[in-house]
Amino acid sequence: MSCKEIICIVCPMGCHLQVAENPNMEEVYEVAGNKCPRGKVYGINEMVNPTRVLTTTIKIENAPLKRLPVKTNGVVPKDKIFQCMEVINKVKVASPVNMGDVIVSNILNTGVDIVASRSMR
Ligand code: SF4
């Protein structure tokens, strides 16, 4: 039976999870080391479909800073992070921008938008 060690990143506690295939197959995976139920969900998702919130910056013109902080407004598959960055790195905006403005809609057809993390004028 294979067991994978994962650090839960759902909250600052950072529990060390052990996720193993479940031999009795009531559930496909069993999770140990979690201090709350969210850790179990996170551990199973990391095995089945790992996802991440992406935070980065993009170029902005006519603003006091050269780069605008942006993030996804949901999670994207971990294996699409680099493709998302290729799209984001081609984007340039001009101020004014308000926090929450959609910068890239439905990136890579994930159903997730790239939005401004702060306002800039
Ligand atoms: S298992 Fe629960 S308490 Fe532990 S890091 Fe994850 S969310 Fe936080």
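Residues numbered from 1 in each chain as written. Predicted model: local features only at pLDDT ≥ 70, side-chain atom pairs only at ≥ 80, totals over all residues.

Novice: Run through the overall build of the chain, naming residues and quoting values.
Specialist: Helix and strand counts for the chain come out as two helices and ten strands. Along the chain, helices (α) and strands (β) appear in the sequence β-β-β-α-β-β-β-β-α-β-β-β when read from the amino end. For the chain, the C-alpha radius of gyration of 18 Å lies well beyond 14 Å, the compact-globule estimate for 121 residues. In terms of overall dimensions, the chain has a C-alpha envelope of 60 × 30 × 15 Å along the principal axes. (Helix = DSSP H or I, 4+ residues; strand = E, 2+ residues; numbered from the N terminus. Rg over C-alpha atoms; globule rule 2.2 N^0.38 Å.)

Novice: Hey, could you go over the site of the ligand for me, with residue numbers and the actual values?
Specialist: Neighbouring residues of the ligand: C8, V10, C11, M13, G14, C15, N34, K35, C36, R38, G39 and Y42. Each residue belonging to the shell around the ligand can be placed in one class, and the counts come to seven nonpolar, three polar and two charged. (Near = placed C-beta within 6 Å. Nonpolar A, V, L, I, M, F, W, Y, C, P; charged D, E, K, R; others polar.)

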